[in-house]
Amino acid sequence: MKVKVLLLDNVAKLGNKWDIVEVSDAYARNVLIKQWKWKIADKATIKAWERKMQKKQQEQAQLNEKLHKALEDIKQNGLEIKAKSAPDGHLYEKVDLRHIEDAFVEKYGFRPKDKEIDFPQKKVSKTWEYDFYYVVDGKKVHLKLKVIWN
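Figured I'd write up the structure that's included with this text. (Residues numbered from 1 in each chain as written. Predicted model: local features only at pLDDT ≥ 70, side-chain atom pairs only at ≥ 80, totals over all residues. Heavy atoms only, no water.)

On to the overall build of the protein. The secondary structure content of the protein amounts to three helices and nine strands. Each helix and strand of the protein, placed in order from N terminus to C terminus, yields the pattern β-β-α-β-α-β-β-α-β-β-β-β. For 150 residues, the compact-globule estimate of 2.2 N^0.38 gives 15 Å, and the C-alpha radius of gyration of the protein, at 23 Å, exceeds that figure by more than 25%. Here the protein holds 150 residues, and 33% of them are scored as buried. Sequence-distant contacts, at least 24 apart, represent 48% of the contacts inside the protein between residues at least 6 apart. Total accessible area on the protein stands at roughly 10600 Å², and carbon and sulfur atoms take up 50% of it. Looking at the protein, you have 32 positive and 23 negative side-chain charges, and the mean spots of the two groups are 5 Å apart. (Helix = DSSP H or I, 4+ residues; strand = E, 2+ residues; numbered from the N terminus. Rg over C-alpha atoms; globule rule 2.2 N^0.38 Å. Buried < 20%, exposed > 50% of the residue type's maximum accessible area, 1.4 Å probe, protein only. Contact = heavy atoms within 4.5 Å. Areas by Shrake-Rupley, 256 points an atom, 1.4 Å probe, with all protein chains shown as cover. Lys, Arg positive; Asp, Glu negative; His and termini not counted. Charge placed at Lys NZ, Arg CZ, Asp CG, Glu CD.)

Structural data, given as structure tokens:
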């Protein structure tokens, strides 16, 4: 007998998290239940899953909209990071990827995901303009970072 189950985690050779798959009753009971990786896909579960996926898609669309607005703003104006520096422009604390991520949170209300920002210099120690890249759909968007004294 076959049953439809909602996977609560990735299962090798079966499916990914949140997939609805059809498996044998024995497999569901003997394998999936021991790993707590499934839930019976009855009408209520499917409706809850659909609501969750719809909410997730809406959140992703809102995040994409925020991202594209942020990238357009940074293309035009650059991303400014204020840092304390000596009169000659040397910073008291080096600016790195963490500072760029914090600037995104402060100015645009979201934190970039891991590896979405490519900052070739890794760390900078002077007030200046630097190049960095934001990776969107596998493509690098060229942006400017302005490190200014505070």
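A few words on the sheet that holds strand E8 (residues 128-136). With respect to topology, four strands assemble into an open sheet ordered E4-E9-E8-E6, the strand pairing being mixed. The sheet is open, and its two borders are formed by strand E4 (79-83) and strand E6 (117-118), each paired with just one other strand. Pairing between E4 and strand E9 (residues 139-149): five bridges, direction parallel. The residue of E9 that forms the bridge with Leu79 is Leu145. Sitting on the sheet, helix H2 (residues 43-77) is in contact with E4, E8 and E9, with an inclination near 60 degrees to E9. Those strands touched by helix H3 (residues 97-108) are E4, E6, E8 and E9, and its axis lies near 110 degrees from that of E4. (Pairing = 2+ DSSP bridges. Axes fitted to C-alpha atoms, helices over the stretch in contact; angles between N-to-C directions.)

By secondary structure assignment, the location of Phe110 is in the loop between H3 and E6. Taking relative accessible area as the criterion, Phe110 reaches 8% and is therefore assigned buried. In sequence terms Phe110 and Lys66 are 44 residues apart; their C-alpha atoms lie 8.1 Å from each other. Not counting chain neighbours up to four residues away, the residues in contact with Phe110 comprise Leu63, Lys66, Leu67, Ala70, Phe104, Val105 and Tyr134.

Glancing now at the nonpolar core. Membership of the largest hydrophobic core comes to 25 residues, with the highest contact counts inside it found for Leu79, Ile100, Phe104, Phe132, Tyr134, Leu145 and Val147. At the level of elements, H2, E4, strand E5 (90-96), H3, E8 and E9 are the ones that each hand at least two residues to this core. In terms of nonpolar packing, the next biggest core, distinct from the first, is built from eight residues, Val3, Leu7, Val21 and Val23 among them. (Core = buried A, V, L, I, M, F, W, Y, C linked by side-chain atoms within 4.5 Å.)

This part covers the environment of Asp25. Here Asp25 shows up in helix H1 (residues 25-35). Under the relative-accessibility criterion, Asp25 is labelled partly exposed at 25%. Between the alpha carbons of Asp25 and Lys52 there is a distance of 26 Å; along the sequence they are 27 residues apart. Residues contacting Asp25, with those up to four places away along its chain left out, are Met1 and Val3.

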